[in-house]
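Take a look at the letters that make up each chain.
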Amino acid sequence: MKIIWLKTGPLHPLDTGGKIRTCNMLRELKKRHEITFLALCPPGQSEATLKSASEYSHEQIWIPWTEAPKRSARFFFELLGNLFSSLPYVIAKYRSEGMWVRLKELDVSGKYDLIICDFLTPAINLGGAGELKTPVLLFEHNVESQIWERLAGTAAGLKKIYFTQQWRRLQKFEETACAQANGVVAVSEEDASMLRKMFGLKNVLGAVPTGVDVEYFSGVRLSPVAATWRGGEVSVNFDASGV
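Each chain has its residues counted from 1, running along the sequence as written. For a predicted model such as this one, the threshold for reporting local features is a pLDDT of at least 70, and the threshold for listing and counting side-chain atom pairs is 80 or more; totals across whole chains, interfaces and linings nevertheless cover every residue. Each side-chain value is worked out from all heavy atoms of the structure, with water and hydrogens disregarded.

> I tried to follow the pattern of salt bridges on my own but got confused; where do I start?
Pairs may arise between side chains of opposite charge once their charged atoms sit close together. Whenever a carboxyl oxygen of Asp or Glu lies within 4 Å of a side-chain nitrogen of Lys or Arg, that contact is scored as a salt bridge. On inspection of all chains with the given rule, the structure shows nine salt bridges. Between Lys-51 and Glu-47 there is a salt bridge; the shortest N-O distance is 3.3 Å. With Lys-51 and Glu-47 both in helix α2 (residues 47–51) and four residues apart, this pair spans about one turn of that helix. The cut-offs for exposure are 20% and 50% of the maximum accessible area for each residue type, with area from a 1.4 Å probe on protein chains only; residues under the lower value are buried, those over the upper are exposed, and the others partly exposed. Lys-51 gets classed as exposed once you look at its relative accessible area, which sits at 56%. When its relative accessible area of 56% is taken as the criterion, Glu-47 is described as exposed. Where Glu-105 meets Arg-102, a salt bridge forms, and the shortest distance between an N and an O atom there is 3.0 Å. Separated by three residues within a single helix, Glu-105 and Arg-102 lie in helix α5 (residues 97–108), roughly one turn from each other. Judged by its relative accessible area of 28%, Arg-102 is partly exposed. Secondary structure counts use DSSP, requiring at least four H or I residues in a row for a helix and at least two E residues in a row for a strand, with both numbered from the N terminus.

Structure, rendered in structure tokens:
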């Protein structure tokens with residue numbers, strides 16, 4: 001298959017669980033499918049970072065994008081403007097006309113079999129219902145609105161008011177984005193079930209759980225080096241060799 005993989009930034013450095021998961025998944029997909037990695041690209045990315053994308057994709061298309069630095073004048077101006085938006089800030093800040101234009105060009109070419117939107121955030125650049133001819137698969141790493149619901153539930157004062165507003169907006173956006181996709185995949189059966197229950201979705205295809213590269217760890221040999229007796233239990237420490 002020829003796949004467009006939509007992302008909000010380069011994967012390297014692999015410093016988050018989401019990046020590690022996506023990178024390893026793409027490495028495996030690349031063995032059997034042709035991957036075009038279409039992503040936003042913040043300024044200051046090293047040549048090595050951008051070149052490393054060839055590990056997990058055949059083609060890379062970088063869309064220049066700048067995020068407002070936290071606590072900067074621009075950041076607070078965007079937060080203020082977002083008070084009058086129907087979108088949550090965590091989604092609105094990733095809107096990119098450049099990404100939408102490039103995605104539309106790839107779509108109308110008719111060369112691609114599938115668009116995979118990795119995480120909810122890039123979905124802001126998928127356009128409205130029916131605007132793309134290529135089928136879209138939304139890969140939900142979390143039920144994002146649930147996270148914001150928890151934040152709102154534990155906050156107090158003005159933070160509670162703000163988080164509650166953001167949560168409700170995110171919930172509406174997540175429901176719409178999921179419903180407009182041709183298919184939705186979660187990372188656990190629990191999340192898949194929650195998406196079906198919360199939004200009444202019929203297009204949740206299931207879950208792709210996080211795996212482990214067993215071949216990478218096949219050379220590890222564990223040897224006991226110390227044993228201690230504590231409260232009626234034996235605690236054994238191991239030395240991992242051969243890594």
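Picking up where we left off.
> Looking at this structure, how should I read the sheet that holds strand β5 (residues 136–139)?
Within a sheet, each strand pairs with its neighbour through backbone hydrogen bonds, oriented either parallel or antiparallel. Here we have seven strands laid out as an open sheet, ordered β3-β2-β1-β4-β5-β6-β7, and parallel in their pairing. Two strands in the sheet have a free side with no partner beyond their single neighbour: β3 (59–64) and β7 (204–207). Strand-to-strand twist across the sheet, computed as the mean angle between neighbouring axes with direction ignored, equals 20 degrees. Note on contacts: a residue pair qualifies if any of its non-hydrogen atoms lie within 4.5 Å across the two residues. To get an axis, a line is fitted to the C-alpha atoms, and for a helix only the part in contact is used. The angle between two axes follows their N-to-C directions and goes from 0 to 180 degrees. Of the strands in this sheet, β1 (2–7), β2 (34–41), β4 (114–118) and β5 touch helix α1 (residues 17–30), which is tilted by about 170 degrees from β1. At least two DSSP bridges between two strands are needed for those strands to be called paired.

> For this particular structure, what's the right way to read the side chain of Ser-57?
Mapped onto the secondary structure, Ser-57 falls in the loop between α2 and β3. Accessibility expressed as a relative area gives 1% for Ser-57, which makes it buried. In this view, Ser-57 contacts Lys-30, Ile-35 and Phe-37; residues no more than four positions away in its chain are not counted.

> In this structure, what is going on with the environment of Asn-182? I would like to understand it.
Of note, Asn-182 is situated in the loop between α7 (157–180) and β6 (183–186). In this structure the C-alpha to C-alpha distance between Asn-182 and Val-136, which are 46 residues apart in sequence, comes to 5.3 Å. Excluding residues within four positions of it along the chain, Asn-182 makes contact with Thr-134, Pro-135, Val-136 and Asn-203.

> How should I be thinking about the packing of helix α6 (residues 144–154) against α7 in this particular structure?
Each packed pair of helices is defined by two parameters, the angle between the axes and the distance between the axes. Relative to each other, α6 and α7 sit at 165 degrees, their axes nearing to 8 Å. Taken as axis vectors, α6 and α7 run roughly antiparallel relative to one another. α7 is crossed by α6, and the crossing has left-handed handedness. Here Glu-144, Ser-145, Trp-148, Glu-149, Leu-151, Ala-152 and Gly-153 of α6 come into contact with α7, specifically with Lys-160, Phe-163, Thr-164, Gln-166, Trp-167, Leu-170, Gln-171 and Glu-174. Residue composition of the contact of α6 with α7, by class: six nonpolar, five polar and four charged. Angles are sorted into four bins: roughly parallel if under 35 degrees, roughly antiparallel if over 145, roughly perpendicular if 65 to 115, and oblique for all others. By convention, the crossing between two helices is left-handed when the near helix turns anticlockwise from the far helix through less than a right angle, and right-handed when the turn is clockwise. Ten residues, namely Ala, Val, Leu, Ile, Met, Phe, Trp, Tyr, Cys and Pro, are considered nonpolar, four, namely Asp, Glu, Lys and Arg, are considered charged, and the remaining ones, Gly among them, are considered polar.

> Quick question: what am I supposed to make of the pairing of β5 here?
Moving residue by residue along a regular strand, the side chains alternate between the two faces of the sheet. The alternating pattern of β5 places Val-136 and Leu-138 and Leu-137 and Phe-139 on opposite faces, both of which are buried. Pairing of β4 with β5, which is carried by four bridges, proceeds in the parallel orientation. Paired with Cys-117 across the bridge in β5 is Leu-138. The sheet contact formed by β5 and β6 spans three bridges and is parallel. Residue pairing across strands places Leu-138 opposite Val-184, the latter belonging to β6.

> Is there a simple way to explain the environment of Leu-38 in this structure?
In this structure, Leu-38 sits in strand β2. Sequence-distant contacts of Leu-38, defined by excluding residues within four places in its chain, comprise Ile-4, Trp-5, Leu-6, Lys-7, Ile-61, Ile-63, Met-99, Arg-102, Leu-103 and Leu-106.

> Help me out: how do you make sense of the side chain of Asn-82 in this one?
With respect to the secondary-structure elements, Asn-82 resides in helix α3 (residues 73–82). On the basis of relative accessible area, Asn-82 is assigned to the buried category, the value being 4%. A polar side-chain atom of Asn-82 sits 2.9 Å from the main-chain carbonyl oxygen of Leu-87. Every residue in contact with Asn-82, bar those within four places of it in the chain, is listed here: Leu-87, Pro-88, Tyr-89, Ala-92, Gln-166 and Arg-169. For the purposes of these results, a polar contact is taken to be a pair of N or O atoms within 3.5 Å, where, inside protein, one atom must be able to donate a hydrogen and its partner to accept one; residues adjacent in sequence count only when each atom of the pair is a side-chain atom.

> What is the right way to look at α6 in this model?
Along an α-helix, residues three or four apart share an orientation, since each turn contains 3.6 residues. Looking at α6, one finds that the buried residues are Glu-144, Ser-145, Gln-146, Trp-148 and Ala-152. In this structure, the buried residues of α6 make contact with α4 (89–92), α7 and α8 (189–199).

> Can you walk me through a nonpolar patch on the surface in this structure?
The grouping of Val-212, Val-214, Tyr-216 and Phe-217 at the surface amounts to a nonpolar patch, some 470 Å² of accessible area in total. With respect to the helices, strands and loops of the structure, Phe-217 is situated in the loop between β7 and β8 (221–230). A patch is a set of surface residues, each over 30% in relative accessible area and not in a salt bridge, joined within 9 Å for like charges and within 5 Å for the nonpolar side chains Val, Leu, Ile, Met, Phe, Trp and Tyr. Per-residue accessibility takes into account occlusion by the displayed protein chains alone, with areas from the Shrake-Rupley method and a 1.4 Å probe.

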